[in-house]
Amino acid sequence: MSGVSLTPALPVHAAVLSQLHSESFDEGWSSQSLQTTLETPGVFGLIANIDTDEPLGFGLFRLSADEAEVITIATRPQVRGQGIARALMDQALKTAQENGACSMFLEVATDNEAALGLYQNLGFEEVGRRKDYYKRPGGTHQDAVVMVLKLS
Ligand SMILES: CC(C)(COP(=O)(O)OP(=O)(O)OC[C@H]1O[C@@H](n2cnc3c(N)ncnc32)[C@H](O)[C@@H]1OP(=O)(O)O)[C@@H](O)C(=O)NCCC(=O)NCCS
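Residues numbered from 1 in each chain as written. Predicted model: local features only at pLDDT ≥ 70, side-chain atom pairs only at ≥ 80, totals over all residues.

Let's shift gears to the site of the ligand. The full set close to the ligand counts 20 residues, and T75, R80, A85, G117 and L118 are the nearest of them. Mapped by element, the contributors of at least two residues to the shell around the ligand are strand 4 (67–75), helix 3 (84–98) and helix 4 (113–122). In terms of residue count, helix 4 provides more of the shell around the ligand than any other element does, 6 residues in total. Among the residues forming the shell around the ligand, the class breakdown is 8 nonpolar, 9 polar and 3 charged. (Near = placed C-beta within 6 Å. Helix = DSSP H or I, 4+ residues; strand = E, 2+ residues; numbered from the N terminus. Nonpolar A, V, L, I, M, F, W, Y, C, P; charged D, E, K, R; others polar.)

This brings us to the nonpolar core. By size, the foremost hydrophobic cluster in this structure holds 34 residues, and its most contacted members are A48, F58 and L88. Apart from the residues within four sequence positions on either side, A48 is in contact with V4, L6, L56, G57, F58, I84, A87 and L88. (Core = buried A, V, L, I, M, F, W, Y, C linked by C-beta atoms within 7 Å. Buried ≥ 20, exposed ≤ 12 C-beta atoms within 10 Å, placed from the backbone. Contact = placed C-beta atoms within 7 Å.)

So, about the environment of R129. In this fold, R129 is placed in strand 6 (residues 125–135). Overall, the presence of 12 C-beta atoms within 10 Å leaves R129 in the exposed class. Along the chain, R129 and A109 lie 20 residues apart, while their C-alpha atoms are 9.5 Å from each other. Apart from residues no more than four positions distant in its own chain, R129 is found in contact with D143, A144, V145 and V146.

Taking 1.5 Å as the rise per residue, helix 3 with 15 residues should run 21 Å; its terminal C-alpha atoms sit 21 Å apart, in good agreement. Among the residues making up helix 3, those that are buried are I84, A85, A87, L88, M89, A92 and A96. Tucked into the core, helix 3 has its buried residues touching strand 1 (4–9), strand 2 (43–50), strand 3 (57–64), strand 4, strand 5 (103–109) and helix 4. G100, located one to two residues past helix 3, shows a positive phi value of around 90 degrees. (Expected span 1.5 Å × (residues − 1).)

Here you go:
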């Protein structure tokens, strides 16, 4: 795989992560909300770099009892397709397993081909749908697919 390196995301990184999040989602999360999320017990985050210290992607994940969850994951638009999200997910799955999680859940919009490809490639399987889960600009909605990967 690529030379992606990963470092823990800490509350002090909230402003940087807010910038990365807003590049990838219509409704970017504020620095304050990301800081609060990162301070929540059970939440862990990872920041991805290639060669330099510049953050190119990040993921936030939650551990709760024997389940883990993807809160969000994003790669900067100009560096997609280089294995960054794959590296983030591989490490998150490893960390979840090491901390006793038996499965990892996530929600993804039914029209998000890149994310669906990422998760299917990792072995996640659809276990449900949430109607009109995502709000879109212009007042439209998009269904979510609920996916799970068994870790043990
Ligand atoms: C989804 C996203 C995180 C993928 O990031 P990335 O760093 O480009 O992904 P990677 O290069 O690690 O790709 C890993 C795998 O994902 C899948 N994938 C990535 N981009 C894809 C695309 N455009 N179409 C289909 N599958 C794709 C492939 O299976 C790929 O494996 P391969 O390279 O062996 O084919 C990125 O597109 C993104 O930030 N999107 C906007 C935010 C978002 O939608 N996040 C997910 C919310 S649920």
